[in-house]
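Examining the three-dimensional arrangement
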Amino acid sequence: MKTCLECGDPIVGREDKKFCSDGCRNAYNNKINKDSTNYMRNINNKLRKNYRILSELNIDGKSKTTRAKLMSKGFDFEFFTNVLNTKTGNTYYFLYDQGYMVLDNDYYMLVKKDI
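From a predicted model like this one, the values you see are computed outputs, not experimental measurements. (Residues numbered from 1 in each chain as written. Predicted model: local features only at pLDDT ≥ 70, side-chain atom pairs only at ≥ 80, totals over all residues. Heavy atoms only, no water.)

Thoughts on the nonpolar core
Going by this rule: Only buried Ala, Val, Leu, Ile, Met, Phe, Trp, Tyr and Cys residues count toward a nonpolar core, and they belong to the same one when joined by side-chain atoms within 4.5 Å. Remark: exposure states derive from per-residue accessible area (1.4 Å probe, protein chains only) relative to the maximum for the residue type, with buried under 20%, exposed over 50%, and partly exposed in between. Only runs of H or I of at least four residues qualify as helices and only runs of E of at least two qualify as strands under DSSP, and these elements are numbered from the N terminus. Every residue pair with non-hydrogen atoms within 4.5 Å of one another is taken to be in contact.
Listed in full, the twelve residues of the largest apolar core are L47, I53, L54, L57, L70, F75, F77, F79, L95, Y100, Y108 and L110. Breaking this core down by element, the ones donating at least two residues are α2 (38-57) and β5 (107-112). Sorting elements by how many residues they give to this core places α2 first, with four residues. Excluding anything up to four places from it in sequence, L57 contacts S63, T65, K69, L70, K73 and L110. Counting residues in each nonpolar core, the second largest holds five residues, with Y92, F94, M109 and V111 among its members.

And the structure:
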């Protein structure tokens, strides 16, 4: 007899079931997917905030903005997920599929990767 991975109750139904209910499945997955430390949680929150800001300012997939506008919304330039160096020597900083490139005079080119 198989038991639920979350609560330990017996499982009735399909042979490959792991949980006795949707509630137990959700509780189990929330527990294993939560940020394990405050440090991780704080970094993930900063990444999410930066992503929301870029998404809000870059509706069309390609646009320009100023450093002041990004900073006024709380953008933190120290947090990004990856860097792309192009063959032409440009450097793009990405937060998942949203990115930016530094231009002259405190302007930034905002781009979105096609996924």
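Having seen the model, we can carry on.
Details of the environment of N26
Position of N26 relative to the elements: it lies in helix α1 (residues 22-33). Judged by its relative accessible area of 38%, N26 falls in the partly exposed class.

Focus: α2
Convention followed: Multiplying one less than the number of residues by 1.5 Å gives the expected span of a helix.
Over its 20 residues, α2 runs 29 Å from end to end, which matches the ideal 28 Å to within 8%, given 1.5 Å per residue. Buried residues in α2 make contact with β1 (62-66), α3 (67-72), β3 (91-95), β4 (98-102) and β5.

Quick notes on the side chain of N50
With respect to the helices and strands, N50 occurs in helix α2. Setting aside anything within four residues of it in sequence, one finds N50 in contact with G74, F75, D76, F79 and L95.

A word on the packing of aromatic side chains
Defined as follows: Stacked, edge-to-face and tilted are the three classes for Phe, Tyr and Trp ring pairs, Trp counted by its six-membered ring, which pair at centre distances within 6.5 Å; planes under 30 degrees apart are stacked, over 60 edge-to-face, the rest tilted. Any Lys NZ or Arg CZ that is within 6 Å of a ring centre and within 35 degrees of that ring's normal is treated as a charge sitting over the ring.
Enumeration according to the criterion identifies ten aromatic pairs in this entry. Their ring planes at 85° and their centres at 5.9 Å tell us that F77 and Y100 sit as a pair that is edge-to-face. Residue F77 is found in the loop between α3 and β2 (82-85), and its partner Y100 is found in strand β4; the two are separated by 23 residues along the sequence. The residues F77 and Y100 share a single accessibility class, namely buried. In this structure an aromatic cluster arises from ring pairing among F75, F77, F80, Y93, Y100 and Y108. Positioned above the aromatic ring of F77, the side-chain terminus of R67 is 4.3 Å from the ring centre. When the ring centre of F94 is taken as reference, the NZ or CZ atom of K113 above it lies at 4.4 Å.

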